[in-house]
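Structure at a glance
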Amino acid sequence: DRQLLAAGFYRDWPDARAVFYTKNKRLLLWLNDEDHLRIVSMERGGDLATAYQRLKQFSLFLSENTAFAHHDQYGFLTSSLLNAGAGLRVSVDMILPASIEKTD
C-alpha cells in the first residue's frame, strides 16, 4: 500500500510486530501491522454467530485486562481513518460454485 509506505508504517518491519493464533486457527491476533491490534475470528460453513461470539468474548477479555486509547467523540485510536470509530470491520469470504465457469 503506497499510502502506508509513504506514512512510514513499514520502516521498522518486521520489528515490534506479531501474529498469535489459537490451536485451531479460528482466532488470530495481529499486533502492529496496519492496525495497532487486529482480531480475526473465522468460522467455516457460514456460522457467523459463532464467529461473532468468539470475537466478542475475546474482545471483552482484552478490554477487561488492557487499557485502549479511546476518545468519547472519535472512538478508538487507529492508523486508518477507514477504521475510526467503533473499530469494527466485518467481512465474509464465500465460494460460489455455480459462478465458476467450466470448460471442457
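If you're wondering where the values come from, they're calculated on a predicted model, not measured in any experiment.

1. Overview of the pattern of salt bridges
- For the structure on display, the rule yields 2 salt bridges.
- Of the charged contacts, one joins Glu43 and Arg26 as a salt bridge, the two residues approaching to 3.5 Å between their closest N and O atoms. Here the residue Glu43 occupies a position in the loop between strand S3 (37–41) and helix H2 (48–65), and Arg26 occupies one in the loop between strand S1 (18–21) and strand S2 (27–31), the gap between them amounting to 17 residues.
- Relative accessible area serves as the criterion here: at 34%, Arg26 is assigned to the partly exposed category.
- With its nearest N and O atoms 2.5 Å apart, the salt bridge here joins Arg54 to Glu43. Taken together, the positions of Arg54 in helix H2 and Glu43 in the loop between S3 and H2 put the pair 11 residues apart, joining distant regions of the chain.
- A relative accessible area of 18% means that Arg54 is categorised as buried.
- In this structure Glu43 comes out as partly exposed when scored by relative accessible area, which is 24%.
- One salt-bridge network, held together by shared partners, links Arg26, Glu43 and Arg54.

2. What about the sheet that holds S2?
- Reading across from one edge, S1-S2-S3 is the order of the 3 strands in this open sheet, with antiparallel pairing throughout. Looking at the sheet topology across the chains shown, the edges are occupied by S1 and S3. Each neighbouring strand pair of the sheet contributes to a mean axis angle of 15 degrees, computed without reference to strand direction.
- Alignment of S2 against S3, held across 5 bridges, turns out to be antiparallel. From the neighbouring strand, Leu27 faces S3, where its bridge partner is Ser41.

3. Remarks on unusual backbone geometry
- Even without being glycine, Lys25 reaches a positive phi, approximately 60 degrees.
- Note on placement: Lys25 falls in the loop between S1 and S2.

4. What to know about the environment of Met42
- Within the secondary structure, Met42 sits in the loop between S3 and H2.
- Considering only alpha carbons, one finds Met42 and Leu55, 13 residues apart in sequence, at a separation of 9.0 Å.
- Not counting residues within four places of it along the chain, the set of residues in contact with Met42 comprises Lys25, Arg26, Leu28, Ala51 and Arg54.

5. Digging into the side chain of Ser41
- Tracing the chain through its elements places Ser41 in strand S3.
- A distance of 2.7 Å separates the side chain of Ser41 from the backbone oxygen of Ala51, its partner in a polar contact.
- Within polar-contact distance, the side chain of Ser41 engages the side chain of Arg54 at 3.0 Å.

About the criteria used
- Residues numbered from 1 in each chain as written.
- Predicted model: local features only at pLDDT ≥ 70, side-chain atom pairs only at ≥ 80, totals over all residues.
- Heavy atoms only, no water.
- Salt bridge = Lys/Arg side-chain N within 4 Å of Asp/Glu carboxyl O.
- Helix = DSSP H or I, 4+ residues; strand = E, 2+ residues; numbered from the N terminus.
- Buried < 20%, exposed > 50% of the residue type's maximum accessible area, 1.4 Å probe, protein only.
- Pairing = 2+ DSSP bridges.
- Axes fitted to C-alpha atoms, helices over the stretch in contact; angles between N-to-C directions.
- Contact = heavy atoms within 4.5 Å.
- Polar contact = N/O pair within 3.5 Å; in protein donor to acceptor, adjacent residues only side chain to side chain.

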